[in-house]
Each structure stands twice: as C-alpha cells, then as structure tokens.
Amino acid sequence: MPAPMMDTYAPPDLVFDHGKGPRLFTAAGDGYLDFISGIAVNCLGHAHPKAVAALSEQAGKLWHLSNMFKVPAGIELAEKLTKATFADRVFFTNSGAEAMECALKTARRYHYVNGNPQRYRIITFTGAFHGRTYGAINAGGNPKYLEGFGPAMEGFDQVEFGDLDAVKNAISDETAAICVEPVQGEGGVRAPEDSFLRGLRQLCDEHGLMLIYDEVQSGAGRTGKLFAHQWVDGAEPDIMAAAKGIGGGFPMGACLATEAAAEGMVVGTHGSTYGGGPLAMAVGNVVFDELTSDGFLDQVVEVSNYLTQQLHGLMDRHADKVEEVRGKGLLIGMKLKPGFDPKKLAGLARDRHLLIGAAGDNVSRLAPPLVITKDDASEAVAVLDEALGALEATA
Ligand SMILES: *Cc1c(COP(=O)(O)O)cnc(C)c1O
C-alpha cells in the first residue's frame, strides 16, 4: 500500500499531541521547546487561554455563513487593522498565498480602473517567497517551485533583492507594482537596509506604481512592530498581504489596502467562501488585541535583543560553522558556513528537544512564539550550542 498522503512533505517520526505556551508535547508527555512555531505562526504560543476561550465560545454559536452575510467580528478586526496601519480597506482570506493573490489582483485592478489596463507587470525580487498558488509561485519566481507546472505566467520581472538601480531599470510603462517582503523569510531571513524600502516607495511615487508588501511572515508583531515596515519612516505600502501570525494558528490571512488602491475592488471582483468567517475572526480579534496590548511588542524587542546577542556569542564559539546571525526581532536566521546543513542542525536540535527550522541560502531559521522569556531563549541557545558541537560537515 502506498502512503495515503502525497509526498510533498517529509516530516520526522515524531507526533505531537498538545502544546502549552512555547512548548509542544507528545502523547507520552515528552516536551519540546518550539522555536519555529509552525513557521512564524503561533505568535501567542500554543493553547493561549484567551484564544482557546474565544474559539470555543464561537464554535458553540456559529461556524460559517459565507460572505453572503455580515460577520461583525470581521468588521471589528478590519477597523482595528486599518487604525493600526497605513490601510483603509481589508479583504480577509484563509492563507498567505490567497492574501498575496488579492494583493496582486488589487494592484492590477487599480490601474485598470484608472484607465491604464496596459499596466499589469509586477517587479519582484530574487529570494522572494509569496506562497504556492499558481500566481504566487510565479510572483516568487523560484525555479524549484515552478518546475513542471506549465509555462511561466506572464507579467513578473524579477530583479536582485536590495538593488534599487535594478528596480529602476526594470520599470516600464507596463509596470503596475513592486512587490517585496520587508524581511525575506523563506529566502534566507534577509532584512534589507531601511533605505531600500524608502527607495522603493519613492520609485513608486515617481512612476505611479503600487507598492505591495508581503508581510505574511514578517508581520503580526514578529519583528517587534505590528508590521516590519513600520520600523521604517516614509516607506508605507499601498497594498499589503498578511497571514501566518495574525491568526495565531487559526488559518487566516488579510489583504490590506489604501482607499485609492482598493478603488477597483468592487462587488463581484473578488471573493472567498471561507475568508473572514466567524471562527477565524473570533481568534483574529484576540490575537490582535494581545499583540497591541500594553508592553507586548516592547517585550518582543527586549527578548529578541537578548536572544540575538546570545546567538552572536554562539557564533563566536562556533566560528568554524556559523557565518552570520541576521534577521529582525524574533525572525532570526543563522547562516551556516558552506558544507554545514541547516536541516541536519535542525535534526540535531530536535534530538535534544528543541525545534528550529531551515530557510534558503543555507540558513537555520528561528521564529519562536512571541511570548518566550529570556529563560526560554537561554535554554534554546544552550541546546543549539550542543547541536552545533555535534554538527559535522557533509561530504
Ligand atoms: C508563508 C508565506 C506565504 C504563504 O502563506 P500560506 O499561508 O502558506 O499560503 C506567503 N508569503 C510569505 C512571505 C510567507 O512567508
């Protein structure tokens, strides 16, 4: 008998049964410190009491309506999101890729309703990741994710991440938008200079382009601001995709836009059966309220500074294996030297009951729940110290 599930993933033989805060447990009660949190998703940790209460209460009342009817909790969350950001309008989705689809469609539609239907091309960047739908793999441009899925979709121009001149040269009278992750996750946890985002904003203003941010991974408090671009003055987008952390583990995403950018998204232009449903919105409000509660993001900054400092110490101790510590806030990359494999390091850490991830560019990825303490951080660094000690070069 073949395995019943498609071979698109290769998980280890380790099954978790429940979680609490930053820890996961097997059915036998074996505990693991979770420093990847479902890839930057469980920002409040596992089984956060307020989120559990909101979801349980809603589950007993009403699960689903479709968008044929109003969902008041969705209107409430959209109001909160627009008050806290550049945006005036929100469209809720179930995932990050769908939030990106909405962002790309919104950008093209903006030019369409403004009499420029020929403006449809989107400038994207090397190392980008925008999800796995057909539009999103084409926007991301990673050849590995495009292979075997038919002709590449027209309309994306990829340039080097961080290179403003390359962007300038790629702009034509068919360009609709520039789309970028303010901190690249999948591509290797790369934070560009602030001047890069500011430069993109200027280019968009000069050429009448939409600036799209993919904050699916970098948003939801991950970097110590509600959204990563809010660290940079003068670099607000027109459109933004969010997901992952904004649901804290309940599937949801959102496309945010200014009033002007959303102009073309009128009745009938876009839709989703599940997006913005009562269960997701019940949890989404709790997550938003927690992230924006007094001192929460300050604590993220403090613990991330501590963790990053500890990781620099680790890099000094393992200078033969670790090349760089980078990222922003609690989205941290540890680039390994050539010959050392981040997946192997993740396996060695897992053997020692610490869960971490890997990303592109030979990087180990850390994205713990935002609620970790300095003690949790110290514990993780101690385990990583051992795991790095045990890490051997691949032949
Ligand atoms: C994860 C991710 C996506 C895709 O989100 P899904 O919920 O898996 O569809 C898109 N963009 C970025 C930057 C991501 O990290």
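To be clear, the structure that these remarks concern was listed above.
What counts and how
Position numbers for residues count from 1 along each chain, tracking the sequence in the order it is written. The predicted nature of this model means local features are confined to residues of pLDDT at least 70 and side-chain atom pairs, given and counted, to a pLDDT of 80 or more, with totals for whole chains, interfaces and linings taken over all residues. To get the side-chain values, take all heavy atoms of the structure and skip hydrogens and water. Nearness is defined per residue: one heavy atom within 4 Å of the molecule or strand is enough. Under this definition, polar contacts are N or O atom pairs within 3.5 Å; protein pairs additionally need one hydrogen-donor-capable and one acceptor-capable atom, and for neighbouring residues in sequence, both atoms have to be side-chain atoms. The Shrake-Rupley method, run with a 1.4 Å probe sphere, supplies the accessible areas, and residue values consider only the shown protein chains as cover. We call Asp, Glu, Lys and Arg charged. Ala, Val, Leu, Ile, Met, Phe, Trp, Tyr, Cys and Pro are nonpolar, and the rest, Gly among them, are polar. Secondary structure elements are defined from DSSP: runs of H or I of at least 4 residues count as helices, runs of E of at least 2 residues count as strands, and each element is numbered from the N terminus. Under the convention used throughout, the expected extent of a helix is 1.5 Å for every residue step, that is, one less than its residue count. For every residue, the accessible area (1.4 Å probe, protein chains only) is compared with the maximum for its type, and the residue is labelled buried under 20%, exposed over 50%, or partly exposed between those bounds. For this analysis, residues touch if any pair of their heavy atoms sits within 4.5 Å. Lining residues are defined by having an atom within 4 Å of a point belonging to a cavity or pocket. Those points lie on a 1 Å grid over the protein atoms alone, cavities being sets where a 1.4 Å probe fits but cannot get out and pockets being open sets with protein on both sides within 12 Å along at least five of seven lines. Grid points are joined across faces, edges and corners, and a volume is the space filled by probe spheres set on the points.

Caption draft 1: Up close: the site of the ligand. Lining the immediate surroundings of the ligand are S95, G96, A97, F129, H130, G131, E181, D214, V216, Q217 and K244. The contact in question runs from an oxygen atom of the ligand to an N or O atom on the backbone of G96, over 2.8 Å. K244 places a polar side-chain atom, nitrogen or oxygen, 2.6 Å from an oxygen atom of the ligand. Burial of the ligand by the protein chains amounts to 81% of its free accessible area of 380 Å². Considered class by class, the residues forming the shell around the ligand number 3 nonpolar, 5 polar and 3 charged.

Caption draft 2: Structural detail: helix 10 (residues 296-317). Between its first and last C-alpha, helix 10 extends 32 Å over 22 residues, near the 32 Å set by a 1.5 Å rise per residue. When we look at burial in helix 10, the residues that qualify are F296, L297, V300, V303, S304, Y306, L307, L311, L314 and M315. Tucked into the core, helix 10 has its buried residues touching helix 9 (278-291), strand 11 (322-328), strand 12 (331-336), strand 15 (363-366) and helix 12 (374-390).

Caption draft 3: How the structure looks around unusual backbone geometry. A positive phi is found at S37, a non-glycine position, where the angle reads about 45°. Its place among the elements puts S37 in helix 1 (residues 37-40). Taking relative accessible area as the criterion, S37 reaches 0% and is therefore assigned buried. The backbone of I39 shows a phi angle near 60°, a positive value even though the residue is not glycine. Its location among the elements puts I39 in helix 1. When its relative accessible area of 35% is taken as the criterion, I39 is described as partly exposed.

Caption draft 4: How the structure looks around the layout of surface pockets. Approximately 930 Å³ is the volume found for the second largest pocket. In terms of lining residues, the second largest pocket is bounded by 30 residues, among which N67, R89, V90, F91 and F92 are the most central. Contributing elements (two or more residues each) for the lining of the second largest pocket: helix 3 (72-84), strand 4 (89-93), helix 4 (96-113) and strand 10 (253-257). Looking at the lining of the second largest pocket, its residues break down into 14 nonpolar, 11 polar and 5 charged.

Caption draft 5: Up close: the environment of M265. In this structure, M265 sits in the loop between strand 10 and helix 9. Distance from M265 to K70, taken between C-alpha atoms, is 18 Å for residues 195 residues apart in sequence. Ignoring sequence-local partners within four residues, the contact set of M265 consists of C102, K105, T106, R109 and H270.

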